[in-house]
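Fold and geometry: a report
Chain by chain, the residues run as shown.
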Amino acid sequence: MKTFAAILTLTNAALGTSVLAANCWSPTFENVPFTACEIDPAEEDVRLFLKDADGRLFGSFDNVAVHVGTQGRHLVLAMNGGMYHPDRNPVGLYVEDGKEFAPIVTSDGPGNFGLLPNGVLCLNEGAAGIVESRSFVRSGASCSFATQSGPMLVIDGQLHPRFLADSPSRFVRNGIGVTEGGRIVAAISDRPVNFHRFARLFRDLFKTPDALFLDGKVSRLYAPMIGRHDYGLPMGPILGVVR
């Protein structure tokens, strides 16, 4: 298993850049394989994508890559970035370039999103944070980019109180955490796991005091530096690193 100090540092010839501030590796945690990517928001442009300028949903990594390519930039890393309705619009808070496209939802409800506490990933220039949704509202924080999802995996170093270690509900899942040093760790399970194990991955291996579940069953990763490009049904919000 690679540690943060021994993360993959390939040069991606197709991009012509050295992959140093957004690195992926393949940890095994409790005999389950995962793929994880560590991102330094102080060095990388981390943002969210939902629709193009004409209001058309991107829906795929390829469409986002083409979009940023028209701006002379490259998509170097991406994963699905939060839950969405059947029309692929966000379930909860969604902010892009400082503009709110969907409001925050603080009530409990059905499904994983309504399994409170849920949370918000907030991105500003050079910084990232994950905040429990009701605390986020009370804080009055503003974000350049934000996506609400749920449930929280880790809250102030503690696992979500409703997770069961022996839960039979197992899916491929993806999520995101922020270390005490402010670095982002995004991860996807390469085998179905339950919430308890996925949350322990962030608490015990990545040491992220706060972590957020992004989705399950539809979870996908785009990481060309390790030859990974997952395909599937159209997505809603997409979290990406752009150079």
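What comes next concerns the included structure. (Residues numbered from 1 in each chain as written. Predicted model: local features only at pLDDT ≥ 70, side-chain atom pairs only at ≥ 80, totals over all residues. Heavy atoms only, no water.)

With that settled, the discussion passes to the packing of aromatic side chains. Following the criterion strictly, the structure yields nine aromatic pairs and no others. Between Phe 34 and Phe 198 the ring centres are 6.3 Å apart and the planes differ by 15°, which places this aromatic pair in the stacked class. Of the two residues, Phe 34 sits in strand E5 (residues 32–39) while Phe 198 sits in helix H3 (residues 195–205), which places them 164 residues apart along the sequence. Across the pair, exposure class does not vary: Phe 34 and Phe 198 are buried alike. (Phe/Tyr/Trp six-rings, centres within 6.5 Å; stacked < 30°, edge-to-face > 60°. Helix = DSSP H or I, 4+ residues; strand = E, 2+ residues; numbered from the N terminus. Buried < 20%, exposed > 50% of the residue type's maximum accessible area, 1.4 Å probe, protein only.)

Remark on secondary structure: sheet strands pair via backbone hydrogen bonds, oriented parallel or antiparallel. Across the sheet, five strands lie side by side as E9-E8-E12-E10-E11; this open sheet has antiparallel pairing. Strands with a single pairing partner mark the edges of an open sheet, and in this sheet they are strand E9 (99–102) and strand E11 (127–132). With strand direction ignored, the average angle separating the axes of adjacent strands in the sheet is 20°. Judged from the five bridges that link them, strand E10 (residues 119–124) and strand E12 (residues 145–149) form a sheet pairing that is antiparallel. When the bridges of E12 are listed, Cys 122 appears paired with Ala 146. (Pairing = 2+ DSSP bridges. Axes fitted to C-alpha atoms, helices over the stretch in contact; angles between N-to-C directions.)

This part takes up the sheet that holds strand E20 (residues 238–242). Read from one edge to the other, the open sheet built from five strands follows the order E6-E20-E7-E18-E19, with strand pairing classed as antiparallel. With partners counted over all chains shown, the strands left at the sheet margins are strand E6 (45–49) and strand E19 (228–229), one partner each. Helix-sheet contacts for helix H1 (residues 61–69) involve E6, strand E7 (75–80), strand E18 (221–223), E19 and E20, and the interaxial angle to E7 is about 145°. (Contact = heavy atoms within 4.5 Å.)

Core analysis: the largest hydrophobic core is formed by 31 residues, its most contacted members being Leu 77, Leu 123, Ile 176, Ile 184 and Leu 239. Discounting chain neighbours no more than four positions away, the residues touching Leu 123 are Val 46, Arg 47, Ala 128, Cys 143, Ser 144, Phe 145, Ile 184 and Leu 239. Membership of the second largest hydrophobic core comes to 23 residues, among which are Phe 34, Ala 36, Phe 198 and Phe 202. (Core = buried A, V, L, I, M, F, W, Y, C linked by side-chain atoms within 4.5 Å.)

Overall, the coordinates contain 13 salt bridges when judged by the stated rule. Where Arg 47 meets Asp 97, a salt bridge forms, and the shortest distance between an N and an O atom there is 3.9 Å. Within this pair, whereas Arg 47 is found in strand E6, its partner Asp 97 is found in the loop between strand E8 (94–96) and E9, the two being separated by 50 residues in sequence. Residue classification places Asp 97 among the exposed residues on the basis of a relative accessible area of 55%. Across the salt bridge formed by Arg 228 and Asp 230, the nearest N and O atoms sit 2.9 Å from each other. Comparing Arg 228 with Asp 230, the two get one shared label, buried. A network of salt bridges, in which partner residues are shared, links Asp 45, Arg 47, Arg 73 and Asp 97. (Salt bridge = Lys/Arg side-chain N within 4 Å of Asp/Glu carboxyl O.)

So, to be careful, I would describe these as geometric facts and stop short of saying anything about function.
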